[in-house]
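# Descriptive analysis of the structure
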Amino acid sequence: MPKNCNIFQFPGVSQDISSCRLTQKILSSLFVRKLDSKYIAAFSIFAVALILRLIYFFQVKSGFPGWDTPTIDPLYHDLWAKQIAAGDLLGSGPFFRAPFYAYFLGLIYAIAGPSLAISKIIQHLLGSLSCALIFLFTDRYFNRKTAVLSGLLCAFYWVFIYFEDELLLDSLLVLFSILLIWSIIRVMERPTYKRFFLTGLILGIATITRPNYAVFIPLLLIWLLFYFPKQYRATLLKYSALLAGCFLMILPVTIRNIAVGDDFVVIASQGGINFYIGNNGYADGRSAIIPEFGASWQYADCEYRAKKESGRLGDTLKPSEVSSFYYKKAIKFITGSPFAWLGLMLRKLNYFWNGYEVSNNQNLYFFRQFASITKFLPSLFFIISPFSIYGLLLLFKKEKKYHVVGYFVIIYMLTVIAFFVNSRFRLPVLPFLIILASYAIIRVFDKIRSGDNKR
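Residues numbered from 1 in each chain as written. Predicted model: local features only at pLDDT ≥ 70, side-chain atom pairs only at ≥ 80, totals over all residues. Heavy atoms only, no water.

### Re the overall build of the chain
- Along the chain, the regular secondary structure elements total 19 helices and zero strands.
- With the C-alpha coordinates of the chain rotated into their principal frame, the extents come out at 100 × 65 × 55 Å.
- Scored against the burial criterion, the 455 residues of the chain give a buried share of 48%.
- Carbon and sulfur atoms make up 66% of the accessible area of the chain, which totals about 22100 Å².
- Put simply, the chain has 47 plus and 25 minus side-chain charges, and the middle of one group is 12 Å from the middle of the other. (Helix = DSSP H or I, 4+ residues; strand = E, 2+ residues; numbered from the N terminus. Buried < 20%, exposed > 50% of the residue type's maximum accessible area, 1.4 Å probe, protein only. Areas by Shrake-Rupley, 256 points an atom, 1.4 Å probe, with all protein chains shown as cover. Lys, Arg positive; Asp, Glu negative; His and termini not counted. Charge placed at Lys NZ, Arg CZ, Asp CG, Glu CD.)

Here it is as structure tokens:
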């Protein structure tokens, strides 16, 4: 046996040097090669996040009497998903709410049965994956220290954990937002048709999950033309691939609304009602209340009022017409009382950046009593908020491609305060606020350690 071969020689078996070296390479690739440290860190963050979420899940499951009885929005999604799982894939009438989450939940119910436990555990798995992706994204485009701090903050942030344990779409949007921004930056790094198309698919899925993402479809074109100033023709051609990806997700929903609901509703018809909720003379900017009907309003109430004020009590109003009525009613308030509306917008801006978590379906702080682990999980938005604003200023000093993170934060915020603000509505942008805050905190500590206290 050759002296430089470090494997066993068995009696009666001949080996040459080339086969020996090949064996060494195989063994080395299987057992000796070191894993990249960033993937070890990402898996560690995923594991920590998942452990915390499972502890929360089992504590709430055993401690909250109403755990197996969803109410309000979770009940709406649960009933819709059961209908889908039972085989009623199309339903009736145009969608009132964006459908992706209901079909996602319906798929789980169809495979595993209508199990709240399995559905919530899957959502916790996706939430843990989001924490790992936040680390990987930040490690690639910022630095390792910022990535570790961002990943851990997301893993321990109790608001993420709370919403992942509810039958609500918002935790899915956390994942979609990370994938969307990462995909957009990859487009700017290498603008291929494939990357444009993939970005369109992600944006389309996000839009049929929550329609306010549709605002990014035209704005993204403006940004890309600005980013590639001497490549207008090529950018427009490749942007068509992005549109194709978007429409591949959105058009089936629109066609279904026309075919089944006999109404031209692009995604969902609730937009006008929600816009009026957030823009009327009695709105407080955070409560889902219609002044004339209170917190227990029903769609039939809104429809009746639209018919009455339109002089069409004996007619049938399509959902798109009801939505249009409330859009017009809200715009009338805005144009008729611009200073009152401006004050309302400032109040909503405060709610968006305030450390207090504005509840929607149920009081978040009351709910923490059913999971003792939340006593050890930080509620740090009062720190994240100011540092994220400082991080936003630092971000615009970086290379232009990174600015898309800042623009996403600003534009998404505007789409929220245009309606009304609560904790779950700002959830999709929270990962980037955490990244920006972590970036700012690391910069501050680096300056202090270097003795640059004045700066």
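There's plenty left to go through after this.
### Let's talk about helix α11 (residues 232-261)
- Phe-247 marks the point of greatest bend in α11, at about 35°.
- Positive backbone phi, at 50°, marks Asp-262, one or two positions downstream of α11. (Bend = angle between axes of the 7 residues up to and from the residue.)

### Thoughts on the nonpolar core
- Phe-137, Ile-181, Tyr-213, Leu-224 and Ile-273 are the most contacted members of the largest nonpolar core, which has 133 residues in total.
- Per-element tally for this core: the top contributor is helix α8 (residues 170-189), with 13 residues.
- Residues contacting Ile-181, with those up to four places away along its chain left out, are Phe-137, Val-404, Val-405, Phe-408 and Phe-432. (Core = buried A, V, L, I, M, F, W, Y, C linked by side-chain atoms within 4.5 Å. Contact = heavy atoms within 4.5 Å.)

### A closer look at the state of the cysteines
- Under the counting rule described, the total for this entry stands at zero disulfides.
- Cys-154 forms no disulfide, and the closest cysteine sulfur to it belongs to Cys-131, at a distance of 5.4 Å. (Disulfide = S-S within 2.5 Å.)

### Brief notes about the packing of helix α13 (residues 299-309) against helix α14 (residues 319-336)
- Contact geometry of α13 with α14 gives a least axis separation of 10 Å together with a crossing angle of 70°. By the angle class used here, α13 and α14 are roughly perpendicular. Contacts between α13 and α14 involve Tyr-299, Cys-302, Glu-303, Arg-305, Ala-306 and Glu-309 from the former and Pro-319, Val-322, Phe-325, Tyr-326 and Lys-329 from the latter.
- Within the contact of α13 with α14, the residues separate by chemical class into seven nonpolar, no polar and four charged. (Axes fitted to C-alpha atoms, helices over the stretch in contact; angles between N-to-C directions. Parallel < 35°, antiparallel > 145°, perpendicular 65-115°, else oblique. Nonpolar A, V, L, I, M, F, W, Y, C, P; charged D, E, K, R; others polar.)

### Quick look at unusual backbone geometry
- Backbone geometry at Ile-72 places phi at a positive 50°, although glycine is not the residue there.
- Relative to the elements of secondary structure, Ile-72 occurs in helix α3 (residues 72-85).
- With a phi close to 50°, Asp-262 is a non-glycine residue in the positive phi region.
- Examined against the element boundaries, Asp-262 turns out to sit in the loop between α11 and α12 (271-278).

### As for the confidence of the model for the chain
- Taken residue by residue, the chain gives an average pLDDT of 88. The fraction at 70 or more is 91%.
- The element-level mean pLDDT for the chain is lowest in helix α1 (residues 17-32), coming to 50, with helix α9 (residues 193-207) highest at 96.
- Segment residues 1-15: pLDDT under 50, and 19 contacts once partners within four positions in sequence are set aside and those in other chains are kept. (pLDDT = per-residue confidence, 0-100.)

### Regarding the pattern of salt bridges
- Applying the stated criterion to the full structure yields 17 salt bridges.
- Across the salt bridge formed by Arg-312 and Glu-321, the nearest N and O atoms sit 3.5 Å from each other.
- Under the relative-accessibility criterion, Glu-321 is labelled partly exposed at 31%.
- Overlapping salt bridges bring together Asp-73, Arg-97, Asp-170, Arg-210 and Arg-424 as one network. (Salt bridge = Lys/Arg side-chain N within 4 Å of Asp/Glu carboxyl O.)

### A look at the side chain of Ser-150
- Looking at where Ser-150 falls in the secondary structure, it is placed in helix α6 (residues 144-156).
- On the basis of relative accessibility, which here comes to 0%, the residue Ser-150 falls in the buried class.

### Re the environment of Phe-95
- With respect to the secondary-structure elements, Phe-95 resides in the loop between α3 and α4 (100-112).
- Taking C-alpha positions, Phe-95 is 9.3 Å from Thr-254, a pair spaced 159 residues apart along the chain.
- With residues near it in sequence (within four places) discarded, Phe-95 still touches Trp-80, Tyr-103, Val-253, Arg-256, Asn-257, Val-265, Ile-267, Ala-268 and Ser-269.

### Notes on the environment of Val-358
- Within the secondary structure, Val-358 is located in the loop between α15 (338-353) and α16 (364-367).
- According to the relative accessible area criterion, Val-358 is buried, its value standing at 6%.
- Here the alpha-carbon distance between Val-358 and Arg-424, two residues 66 residues apart in the chain, equals 8.2 Å.

### What about the side chain of Gln-123?
- For Gln-123, the location among the structural elements is in helix α5 (residues 116-141).
- Judged by its relative accessible area of 2%, Gln-123 is buried.
- Contacts of Gln-123, omitting those with residues within four sequence positions, involve Tyr-101, Phe-104, Phe-163, Glu-164, Glu-166, Leu-167, Leu-168 and Ser-171.

### Some thoughts on a nonpolar patch on the surface
- Taken together, the side chains of Val-48, Val-148, Leu-152 and Phe-156 make up a nonpolar region of the molecular surface, amounting to roughly 250 Å² of accessible area.
- The leading source of residues in the nonpolar patch is α6, at three residues.
- When you line up the elements, Phe-156 lands in helix α6.
- For Phe-156, a relative accessible area of 30% gives the class partly exposed. (Patch = residues over 30% accessible without salt bridge, like charges linked within 9 Å, V, L, I, M, F, W, Y side chains within 5 Å.)

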